[in-house]
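So you can see what is in the structure, the chains are spelled out below.
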Amino acid sequence: MPDPTVLQAVRFAGAHALAIYAALLLLVMLTAGLVARGLLPLRGPSAAAPEPLSPVALLLRFAAGFACLVGGAMLFATIAEELHTEPTLGQLDEAFIVAMIDHVPELALRAFYLITVVGNRETLITLGVVVTAALLVLRRRGLALGWALAMLGNGALNPTLKQVFERARPIHPTHWLTEDGFSFPSGHSSGAVIAMGMLAYLAVRLLPRRWHVPAWIAAAGLAFSIGASRVFLRVHFPSDVLAGFASGTAWLTISIASIELARWAKRRRRAPQVSGVELTR
């Protein structure tokens, strides 16, 4: 049985879920903007062109990527272990959902439904195909492959995890929306993190510099909102969404790191050729 004080705090949070969502959304977007400003290159018209990075900048990028990967994996593992070994987290999830039911107006639920459609499987499949085709038209085959693998990888990973944990969905969904299948982790949440994060990465690679930080802010805000919509619509527990964010962040980090590693290796292969050309002049 959960501690009474903790249970009361969870019920209070459920009753004020909309205000908490607004505060967290602002915090997520602000954090994304600050991190993007700190990690993205400061000079040059576009990060798509090779840019020299100082040792400090390289170290910061490595540390940020490592923290995202390890942090996401650890958070997912912690939630999964708690759900498997103790009933407390599940009881707190249920208390939050029940406390929220009478405090979210119908208009807000309809708005969250529009947001959640962005993370639907059909939407992400369409987005994946369109972006892949656009990158191929632009002759960015490496980015097209990286984008496709990131999307397909999450599409295979999340259903596998659901089958492993087999957690039932909340029993109090909205009266006009129901979902089939298992609940843990949230596929909308992980899919939104992958899709929006990769779109922000593509913006950094392809668009002028003035769009880089806004792209990461928008991506973080939309991904967070899609995940939150699953809780407000009562088709996922809060821990499902947190686990989806965690697994999505880990896979996004792996995907971007793989693309950057391939990009770095390609530059290394070209460097001797460039030096040879210069020596013959």
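Position numbers for residues start from 1 in each chain and track the written sequence from start to end. Only residues with pLDDT of at least 70 get local features here, since the model is predicted, and only at 80 or more are side-chain atom pairs given and counted; chain-wide, interface and lining totals rely on the full set of residues. Think of the side-chain values as coming from all heavy atoms in the structure, minus any hydrogens and water.

Colleague: Where do I start with the nonpolar core in this structure?
Modeller: As a rule of thumb, nonpolar side chains are buried together in soluble globular proteins. We call a set of buried Ala, Val, Leu, Ile, Met, Phe, Trp, Tyr and Cys residues a nonpolar core when their side-chain atoms join them within 4.5 Å. Buried, partly exposed and exposed residues are distinguished by accessible area as a fraction of the type maximum, computed with a 1.4 Å probe on protein chains only: under 20%, between the cut-offs, and over 50%, respectively. Grouped together as the largest cluster of nonpolar side chains are 48 residues, with contacts concentrated most on Tyr21, Phe96, Met100, Leu135, Trp147, Met198 and Phe232. By definition, any uninterrupted DSSP run of H or I lasting at least four residues is a helix, any uninterrupted run of E lasting at least two residues is a strand, and each is numbered from the N terminus. Counting residues per element, this core draws most heavily on helix H8 (residues 187-206), which supplies 9 residues. Residues Phe76, Ile79, Phe184 and Ala243 belong to the second largest nonpolar core, which totals 7 residues.

Colleague: Looking at this model, I keep getting lost on helix H7 (residues 141-165). Mind explaining?
Modeller: Count 3.6 residues to each turn of an α-helix, and residues three or four apart come out pointing the same way. One less than the residue count of a helix, multiplied by 1.5 Å, gives the span that helix is expected to have. With 25 residues, H7 should reach 36 Å at 1.5 Å per residue; the first-to-last C-alpha distance of 36 Å fits that figure. For H7, the set of buried residues is Leu143, Ala144, Gly146, Trp147, Ala150, Met151, Gly153, Asn154, Asn158, Leu161 and Lys162. At the C-terminal side of H7, Glu166 shows a positive phi close to 50°.

Colleague: Is there a simple way to explain the environment of Ser189 in this structure?
Modeller: The topology assignment puts Ser189 in helix H8. When its relative accessible area of 0% is taken as the criterion, Ser189 is described as buried. In sequence terms Ser189 and Phe224 are 35 residues apart; their C-alpha atoms lie 7.6 Å from each other. Ignoring anything within four residues of it in the chain, the contact list for Ser189 reads Gly227, Val241, Gly244 and Phe245. Throughout, a residue-residue contact means that at least one pair of heavy atoms, one from each residue, lies within 4.5 Å.

Colleague: Even after reading the chapter, I still don't get the side chain of Thr132, so can you show me in this structure?
Modeller: As for its position among the elements, Thr132 is in helix H6 (residues 121-137). Among the residues examined, Thr132 registers a relative accessible area of 19% and is labelled buried.

Colleague: Would you mind going over unusual backbone geometry with me for this structure?
Modeller: Backbone geometry follows two general trends: most residues other than glycine have a negative phi, and most peptide bonds adopt the trans configuration. In this structure, the amide linkage connecting Phe184 to the following residue, Pro185, adopts the cis form with an omega of -10°. The backbone of Arg139 sits at a positive phi, close to 60°, despite the residue not being glycine. Of note, Arg139 is situated in the loop between H6 and H7. Of note, Glu166 is a non-glycine position whose phi angle comes to about 50°, a positive value. Judged by relative accessible area, Glu166 falls into the partly exposed class, the value being 48%.

Colleague: What exactly am I supposed to notice about the packing of aromatic side chains here?
Modeller: Describing an aromatic ring pair means giving the distance of the ring centres and the angle of the ring planes. Only rings of Phe, Tyr and Trp enter the pairing, Trp through its six-membered ring, and a pair is recorded when the two centres are within 6.5 Å. The plane angle decides the type: under 30 degrees is stacked, over 60 is edge-to-face, the rest tilted. Taken as a whole and assessed by the stated rule, the structure comprises 6 aromatic pairs. Relative to Phe232, the ring of Tyr21 has its centre 5.8 Å away and its plane inclined at 80°; by these criteria the two rings are edge-to-face. A residue pair is termed long-range when its members are at least 10 positions apart, and Tyr21 in helix H2 (residues 17-39) and Phe232 in helix H9 (residues 212-232) qualify at 211 residues. The exposure classification of Tyr21 matches that of Phe232, with both residues buried. Three or more aromatic residues joined by ring pairs make a cluster, and in this case those are Tyr21, Phe112, Phe224, Phe232 and Phe245.

Colleague: Got a minute to help me understand the pattern of salt bridges in this structure?
Modeller: In a structure, side chains of opposite charge can pair up when their charged atoms sit close to one another. Here a salt bridge means any side-chain nitrogen of Lys or Arg lying within 4 Å of a carboxyl oxygen belonging to Asp or Glu. Tallied over the entire structure, the rule returns 4 salt bridges. Among the salt bridges present, the one from Arg167 reaches Asp240, with a minimum N-O distance of 2.8 Å. In this pair, Arg167 sits in the loop between H7 and H8 while Asp240 sits in helix H10 (residues 238-280), placing the two residues 73 residues apart along the sequence. The class of Asp240 is buried, set by a relative accessible area of 0%. In this structure, the salt-bridge partner of Glu260 is Arg205, at a minimum N-O distance of 3.8 Å. Linking Glu260 in helix H10 with Arg205 in helix H8, this pair joins segments that are 55 residues apart in sequence. Classification of Arg205 as buried rests on a relative accessible area of 7%. Residues participating in the shared-partner salt-bridge network are Asp93, Arg167 and Asp240.

Colleague: What's the story with the confidence of the model for the protein in this structure? I'm lost.
Modeller: Parts of the prediction with low pLDDT should not have their coordinates interpreted in detail. Within the protein, residue pLDDT values average 84, and 88% of them lie at 70 or more. This model gives residues 44-50 a pLDDT under 50, and the stretch forms 19 contacts once residues within four places in sequence are excluded. Contacts for the low-pLDDT stretch residues 274-281, under 50 throughout, to residues beyond four places or in other chains number 0 contacts. A score from 0 to 100, pLDDT tells how confident the predictor is in each residue.

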